[in-house]
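Survey of secondary and tertiary structure
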Amino acid sequence: MRHPNRNRSSRGFTMFEAIVAMFILLMGVLGVVAVFTSGMHTRMRAQEILMSQDLANQWADWVRFRLNPDAAGGSALSASGLKLTLADLSAGKKGDFNTGLSDAPFQVGAATALGNLPTVGASTTQGYSWVIADVADYAPLWVPEDGSDDKTWAQRLDGNALWSSADLGGATPLPLKRVDLTILRGARRYKFSYVFSGVGLNYD
């Protein structure tokens, strides 16, 4: 006599059961791929943010080194274009970190010449460029302990100027400038902000 359940147990999986099993397996594989892809994307963005921060800091240090309040120049270095003034920090100026190509006066002679950004030619800087998005005057405030009105960085407690024109040989103090710098990596933008005093090396 045949066992009553033998036919049922020997039939195997139905087509519907096989399709359901394949669908579940496919969803699991797609989930793993999605997690892996998301992780790679997050890692790439994190690397770009770190690289952009480093490049922005190098750019700001390079600008500070070349700032010279003597617009007329007079020394060989000033006359050669190795200097910048606050007026040169204008919105829209741009350049490429790897090739060294940039708007005047941010390029000194040939794009690869000494005096330009040290990032030129580095394999890690390929595809990164910079642009000055905005420039504005910046006047930080300080708060007197006596409760009087806030004063700007160039004011004394009595409200008068911190220095007189005689202290500066008849000149007026240089302002502070806030520069909003954008680092571009393809279509992605990373924004940074720096403050420059206009005083760097004095070549003369």
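For the structure itself, consult the block above.
Okay, so let's go over this structure. Throughout, residues of each chain are indexed from 1 in the direction in which the sequence is written. Given that the model is predicted, a residue must reach a pLDDT of at least 70 before its local features are reported, and side-chain atom pairs must reach 80 or more before they are shown or counted; all residues, however, enter totals for whole chains, interfaces and linings. To get the side-chain values, all heavy atoms of the structure are used, and hydrogens and water are removed first.

Looking at the overall build of the protein chain
Rule in force here: Helix and strand assignments follow DSSP, with helices taken as H or I runs no shorter than four residues and strands as E runs no shorter than two, numbered in order from the N terminus. Buried residues are those whose accessible area, probed at 1.4 Å on protein chains only, stays under 20% of the maximum for their type, while exposed residues exceed 50% and partly exposed ones sit between those limits. By the convention used here, residues are in contact when the closest approach between their heavy atoms is within 4.5 Å. The accessible surface values rely on the Shrake-Rupley method and a 1.4 Å probe; as for residues, cover is taken only from the protein chains in view.
Within the protein chain, the secondary structure is distributed over three helices and six strands. Put simply, the protein chain runs from its N terminus to its C terminus through helices and strands in the order α-α-α-β-β-β-β-β-β. Burial statistics for the protein chain: of 204 residues in total, 26% are counted as buried. Restricting the contact set of the protein chain to residue pairs at least 6 apart, pairs at least 24 apart contribute 58%. Here the protein chain has roughly 13,200 Å² of accessible surface; of this, 62% comes from carbon and sulfur atoms.

A few points about the nonpolar core
In plain terms, the rule: Here, the term nonpolar core denotes a set of buried Ala, Val, Leu, Ile, Met, Phe, Trp, Tyr and Cys residues that are joined through side-chain atoms within 4.5 Å.
Formed by 23 residues in total, the largest nonpolar core has its most connected members in Trp59, Val63, Leu89, Phe106, Trp130, Ile183 and Phe196. Listing elements by their share of this core, those giving two or more residues are helix H2 (15-66), strand S2 (128-138), strand S5 (176-185) and strand S6 (188-196). Ranked by residue count, the leading element in this core is H2, at six residues.

Some thoughts on the pairing of S5
Condition: Paired strands, as defined in this entry, are two strands with at least two bridges between them according to DSSP.
Counting buried positions over the 10 residues of S5 gives seven, a clear majority of the element. Both S2 and S5 contribute to a ladder of 10 bridges, which runs antiparallel. Bridging across to S5, tryptophan 130 finds its partner in isoleucine 183. Sheet topology note: the S5/S6 ladder contains nine bridges and is antiparallel. In the strand pairing of S6, valine 179 is matched with tyrosine 194. Where S5 folds back on S6, the antiparallel hairpin that results is connected by two residues, among which glycine 186 adopts a positive phi of roughly 65°.

Some words on the packing of aromatic side chains
Selection rule: Aromatic pairing here means that ring centres of Phe, Tyr or Trp (its six-membered ring) are within 6.5 Å. Orientation follows from the plane angle: under 30 degrees is stacked, over 60 is edge-to-face, and everything else is tilted.
With the rule as written, the count across this model stands at five aromatic pairs. Judged by centre distance (6.2 Å) and plane angle (80°), the rings of tryptophan 59 and phenylalanine 196 are edge-to-face. Of this pair, tryptophan 59 sits in helix H2 while phenylalanine 196 sits in strand S6; the two residues are 137 residues apart in sequence, bridging distant segments of the chain. The burial state of tryptophan 59 is the same as that of phenylalanine 196; both residues are buried. Within the aromatic cluster, the residues linked to one another by ring pairs are Trp59, Trp62, Phe106, Trp130 and Phe196.

A closer look at the environment of phenylalanine 196
A relative accessible area of 1% means that phenylalanine 196 is categorised as buried. Counting along the chain gives 110 residues from phenylalanine 196 to leucine 86, while the straight-line C-alpha distance between them is 7.9 Å. When residues no more than four places from it in sequence are discounted, the contact partners of phenylalanine 196 are Trp59, Ala60, Val63, Arg64, Leu67, Leu86, Leu89, Pro175, Leu176, Lys177 and Val179.

Describing the pattern of salt bridges
Condition: Between Lys or Arg on one side and Asp or Glu on the other, a salt bridge is scored when a side-chain nitrogen of the former is within 4 Å of a carboxyl oxygen of the latter.
With the rule as written, the count across this model stands at seven salt bridges. Between glutamate 48 and arginine 185 there is a salt bridge whose closest N-O contact spans 3.6 Å. Of the two residues, glutamate 48 is situated in helix H2 and arginine 185 in strand S5; the sequence distance between them amounts to 137 residues. Put simply, Glu48, Arg185 and Arg188 are held in one network by salt bridges that share partners.

Details of the sheet that holds S2
The line we're drawing: Here, axes are lines fitted to C-alpha atoms. For helices the fit covers the stretch in contact, and angles between N-to-C directions go from 0 to 180 degrees.
The strand order S1-S2-S5-S6 describes an open sheet built from four strands, whose pairing is antiparallel. For this open sheet the edge positions go to strand S1 (94-96) and S6, each flanked by a neighbour on one side alone. Neighbour-to-neighbour, the strand axes of this sheet turn through a mean angle of 25°, independent of strand direction. Sheet topology places S1 next to S2; three bridges connect them, and they run antiparallel. Looking across to S2, one finds that aspartate 96 is bridged to serine 129.

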